[in-house]
Amino acid sequence: MLEGKVLITGGTGSLGKAILARAERESWPAEFTVFARNETKISQVRSAFPNVRCEIGDVRDLDWLRAVLPGHDVVIHAAAIKVVPIAEANARETVLTNIVGTMNVAQASVESGVNKVIGVLTDKEVHSSTLYGNSKAVAGALLREANSWGNTLFTMARYGNVLGSANSIYPLFKRQARENKPFTITDTRCTRFWLSMNQAIDLVLLAAQ
């Protein structure tokens, strides 16, 4: 479990909401802040988790991160442009969010005296041929280097395909199976590794230790 004041960037996504639900279910001794830029999703989180503090903001905005982060003990950095085809078609936006945004989170965390930052990374950064994977590899390199910037501890959780998460292929496979249609697999030589959302949270908690 997590303790203290915890801020989740991109906290309105699948992982962020799952962490909030598990923390509530298991009575973690933590106070959460969700930091995200989509006001509709922020509103949904506020309705589902009334005790969670919500801040509209973008990891690209270093000044606002500097204003919001003081007083927090832990940051889970989950904000990213993640959908591979979308990232490929929007290179500038992907670089600004995944690379510059990560650098901003790291810098503001060190300046604000955050104890620990957990970066949420991806298996797609290993030997990557995509902009998404490469941008997350750079983000990981920045987080590793940030351990030398001050007293903040930076660690990372790198995982694969989470069953049922937003933009997961799993709902498509379910529909194709229900309609007795073949799975639309990009390359039959590919091996896809799955984990549950709880396993993904467990990996974040392991990184937090």
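Reading the values: the criteria
Residues numbered from 1 in each chain as written. Predicted model: local features only at pLDDT ≥ 70, side-chain atom pairs only at ≥ 80, totals over all residues. Heavy atoms only, no water. Pairing = 2+ DSSP bridges. Helix = DSSP H or I, 4+ residues; strand = E, 2+ residues; numbered from the N terminus. Axes fitted to C-alpha atoms, helices over the stretch in contact; angles between N-to-C directions. Contact = heavy atoms within 4.5 Å. Phe/Tyr/Trp six-rings, centres within 6.5 Å; stacked < 30°, edge-to-face > 60°. Buried < 20%, exposed > 50% of the residue type's maximum accessible area, 1.4 Å probe, protein only. Patch = residues over 30% accessible without salt bridge, like charges linked within 9 Å, V, L, I, M, F, W, Y side chains within 5 Å. Areas by Shrake-Rupley, 256 points an atom, 1.4 Å probe, with all protein chains shown as cover. Salt bridge = Lys/Arg side-chain N within 4 Å of Asp/Glu carboxyl O. Core = buried A, V, L, I, M, F, W, Y, C linked by side-chain atoms within 4.5 Å. 1 Å grid on protein atoms, 1.4 Å probe; cavity = no way out; pocket = protein on both sides within 12 Å on 5 of 7 lines; lining within 4 Å. Points joined across faces, edges and corners; volume = space filled by probe spheres on them. Parallel < 35°, antiparallel > 145°, perpendicular 65-115°, else oblique. Polar contact = N/O pair within 3.5 Å; in protein donor to acceptor, adjacent residues only side chain to side chain.

Caption draft 1: Region of interest: the sheet that holds strand 1 (residues 4-9). If you walk across this open sheet you meet the six strands as 3-2-1-4-5-6, and the pairing is parallel. The open sheet has two free edges, formed respectively by strand 3 (53-56) and strand 6 (153-159), since each of these has just one partner strand. The sheet shows a mean angle of 20° between the axes of neighbouring strands, direction not considered. Sheet topology note: the strand 5 (residues 116-122)/strand 6 ladder contains seven bridges and is parallel. Paired with Ile-118 across the bridge in strand 6 is Thr-155. Those strands touched by helix 1 (residues 14-26) are strand 1, strand 2 (30-36), strand 4 (74-77), strand 5 and strand 6, and its axis lies near 165° from that of strand 2. Most of the contacts of helix 2 (residues 39-48) go to strand 3, to which it runs at about 175°, and overall it touches strand 2 and strand 3.

Caption draft 2: Molecular detail of the packing of aromatic side chains. Applying the stated criterion to the full structure yields two aromatic pairs. Geometrically, the ring pair formed by Trp-28 and Phe-32 is tilted, given 6.4 Å between the ring centres and 40° between the ring planes. According to the relative accessible area criterion, Trp-28 is buried, its value standing at 7%. A relative accessible area of 8% places Phe-32 in the buried class. Taken together, a centroid distance of 4.7 Å and an interplanar angle of 25° make the contact between Phe-173 and Phe-183 stacked. Residue Phe-173 is found in helix 7 (residues 170-178), and its partner Phe-183 is found in the loop between helix 7 and strand 8 (194-195); the two are separated by ten residues along the sequence. Given a relative accessible area of 15%, Phe-173 falls into the buried group. Among the residues examined, Phe-183 registers a relative accessible area of 44% and is labelled partly exposed.

Caption draft 3: Focus on the side chain of Glu-125. By secondary structure assignment, the location of Glu-125 is in the loop between strand 5 and helix 6 (131-145). By relative accessible area, which is 9% here, Glu-125 ends up buried. If we skip the residues at most four places from it in the chain, Glu-125 touches Gly-133, Lys-136, Ala-137 and Arg-158.

Caption draft 4: Structural context of a nonpolar patch on the surface. Among the surface-exposed residues, Leu-163, Tyr-170 and Trp-194 lie close enough to one another that they form a single nonpolar patch of about 250 Å² accessible area. By secondary structure assignment, the location of Leu-163 is in the loop between strand 7 (161-162) and helix 7.

Caption draft 5: Focus on the nonpolar core. Residues Leu-15, Phe-32 and Ile-76 are the most contacted members of the largest nonpolar core, which totals 33 residues. Taken together, the elements giving at least two residues each to this core come down to strand 1, helix 1, strand 2, helix 2, strand 4, strand 5, strand 6 and helix 8 (197-208). In terms of residues, this core owes the most to one element, helix 8, which gives seven residues. Residues contacting Ile-76, with those up to four places away along its chain left out, are Leu-2, Val-6, Leu-7, Ile-8, Thr-9, Ile-19, Ile-118, Val-120 and Val-204. Residues Val-68, Leu-69, Val-75 and Val-114 belong to the second largest nonpolar core, which totals 17 residues.

Caption draft 6: Summary view of the layout of surface pockets. Of the voids in this model, the second largest pocket is the one considered here, and its volume is about 190 Å³. Elements supplying a minimum of two residues to the lining of the second largest pocket: helix 1 and strand 2.

Caption draft 7: A look at the packing of helix 1 against helix 8. Remark: helix 1 packs on helix 8, axes separated minimally by 10 Å, with the N-to-C direction vectors making an angle of 85°. Our classification of the angle between helix 1 and helix 8 gives roughly perpendicular. Facing helix 1, whose interface residues are Ser-14, Leu-15, Ala-18, Ile-19, Arg-22 and Arg-25, helix 8 presents Met-197, Asn-198, Ile-201, Asp-202, Val-204 and Leu-205.

Caption draft 8: Highlighting the pattern of salt bridges. Summed over the entire model, instances satisfying the criterion amount to 13 salt bridges. For the salt bridge of Arg-175 with Glu-179, the shortest nitrogen-to-oxygen distance reads 3.9 Å. Here the salt bridges do not stand alone but share partners, grouping Arg-22, Glu-26 and Asp-202 into one network.

Caption draft 9: Representation of the side chain of Thr-152. Summarising the element assignment, Thr-152 is placed in the loop between helix 6 and strand 6. Residue classification places Thr-152 among the buried positions, given a relative accessible area of 4%. One polar contact links the side chain of Thr-152 to the main-chain carbonyl oxygen of Val-114, over a distance of 2.7 Å. If sequence neighbours within four positions are ignored, Thr-152 has contacts with Ser-109, Val-110, Val-114, Asn-115, Lys-116, Val-117 and Asn-147.

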